[in-house]
Amino acid sequence: MVATNSTMLALGTKAPDFRLPDTSGKIVSVSDFESAPALLVVFMCNHCPFVKHIRSGLAQLARDYLPRGVAVAGINSNDANNYPDDSPAKMAQEVKSAGYVFPYLYDETQEAAKAYRAACTPDFFLFDKDQRLAYRGQMDDSRPGNGIPVTGRDVRAALDALLAGREVSPNQKPSIGCNIKWKPGNAPDYFG
């Protein structure tokens with residue numbers, strides 16, 4: 001597995017819109033979350049060892065913050081033709097198996113990943129009540145094999161700051177994970 005870092009989209013960026021199907025076929029868009037005090041968008045997939053490593057921690061984070069009004073959306077932008085473990089059918093199984101309580105969306109065209117400048121799985125983007133980017137980067141310092149427990153510390157600190165009306169710390173570390181599996185000829189130019 002080759003580790004890829006987040007591109008670290010500019011803070012203050014307005015949440016790029018998307019209209020994507022969840023695992024039941026319902027179309028979900030950014031505007032569905034307009035009233036939320038915070039919106040966490042996570043680029044993720046089923047097969048990546050980095051996502052598998054944080055899977056239960058991510059499910060718990062969502063269970064902890066959804067009752068506080070936070071909106072969470074997972075987006076899978078991987079090429080399901082070449083990576084069938086990331087197909088919509090497998091995504092539906094993953095929602096049940098992982099205990100995800102948030103919509104898990106399929107970005108078949110990969111346009112959402114490009115709009116967010118997503119680079120890896122997992123890649124976290126946290127937007128404030130005005131849907132302006134307040135945090136982007138890692139969930140915490142835990143990685144497969146490094147022995148550090150998955151706590152969600154970095155994302156939780158950013159969420160707690162937003163919910164308390166405080167500024168989120170600008171000290172933000174890139175996420176590290178598997179690169180998004182682009183369709184042939186579809187890889188964006190923002191990596192160079």
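The structure this text deals with has already been given above.
Being a predicted model, the structure only gives us computed values, none of them experimental. (Residues numbered from 1 in each chain as written. Predicted model: local features only at pLDDT ≥ 70, side-chain atom pairs only at ≥ 80, totals over all residues. Heavy atoms only, no water.)

Quick look at unusual backbone geometry
Here is step 1 of the chain: Here T121 and P122 are connected by a cis peptide whose omega angle stands at 0°.
Here is step 2 of the chain: The backbone of Q110 shows a phi angle near 70°, a positive value even though the residue is not glycine.
Here is step 3 of the chain: Look at Q110 and you get buried, because its relative accessible area is 0%. (Buried < 20%, exposed > 50% of the residue type's maximum accessible area, 1.4 Å probe, protein only.)

Quick word on the pairing of strand β10 (residues 176–179)
When a strand is regular, its side chains alternate between the sheet's two faces.
Here is step 1 of the chain: Two strands pair when backbone bridges link them, and strand β1 (residues 3–5) and β10 are joined in this way by three bridges, in the antiparallel orientation. Following the sheet pairing, A3 is matched in β10 by C178.
Here is step 2 of the chain: With two bridges joining them, strand β7 (residues 120–121) and β10 adopt antiparallel strand pairing. When the bridges of β10 are listed, C120 appears paired with N179. (Pairing = 2+ DSSP bridges. Helix = DSSP H or I, 4+ residues; strand = E, 2+ residues; numbered from the N terminus.)

Some words on the pattern of salt bridges
Here is step 1 of the chain: Enumeration according to the criterion identifies seven salt bridges in this entry.
Here is step 2 of the chain: Here D64 and R156 are joined by a salt bridge, their closest N and O atoms 2.8 Å apart. One end of the pair, D64, is in helix α1 (residues 49–65); the other, R156, is in helix α4 (residues 153–163), with 92 residues separating them in the sequence.
Here is step 3 of the chain: On the basis of relative accessibility, which here comes to 31%, the residue D64 falls in the partly exposed class. (Salt bridge = Lys/Arg side-chain N within 4 Å of Asp/Glu carboxyl O.)

Comments concerning the sheet that holds strand β6 (residues 104–106)
Here is step 1 of the chain: The five strands are arranged β6-β5-β4-β8-β9 in an open sheet whose pairing can be described as mixed. Sheet topology places β6 and β9 (133–137) at the edges, where each strand pairs with a single neighbour. Taken over all neighbouring pairs, the strand axes of this sheet differ in orientation by 20° on average, direction set aside.
Here is step 2 of the chain: Across three bridges, the pairing between strand β5 (residues 71–76) and β6 is parallel. In the sheet register, I75 faces β6, and the bridge partner there is L105.
Here is step 3 of the chain: In this fold helix α2 (residues 88–98) packs onto β5 and β6, with an angle of close to 175° to the strand it touches most, β6. (Axes fitted to C-alpha atoms, helices over the stretch in contact; angles between N-to-C directions. Contact = heavy atoms within 4.5 Å.)

Description of the pairing of β5
Here is step 1 of the chain: In terms of burial, β5 is largely enclosed, as six of its six residues are buried.
Here is step 2 of the chain: Residues A71, A73 and I75 of β5 are buried on one face, and the alternating residues V72, G74 and N76, pointing to the opposite face, are buried as well.
Here is step 3 of the chain: Bridge count between strand β4 (residues 39–43) and β5: five bridges; the pairing is parallel. Bridging across to β5, F43 finds its partner in I75.
Here is step 4 of the chain: Following the backbone out of β4, through α1 and into the adjacent parallel β5, one traces a crossover that is right-handed. (Right-handed = clockwise from strand over helix to strand, strands pointing away.)

Quick notes on α4
Here is step 1 of the chain: Among the residues of α4, those classed as buried are D154, V155, R156, A158, L159, A161 and L162.
Here is step 2 of the chain: The secondary structure elements touched by the buried residues of α4 are β4, α1, β8 (123–127) and β9.
Here is step 3 of the chain: The first or second residue beyond α4 is G165, which carries a positive phi of 80°.

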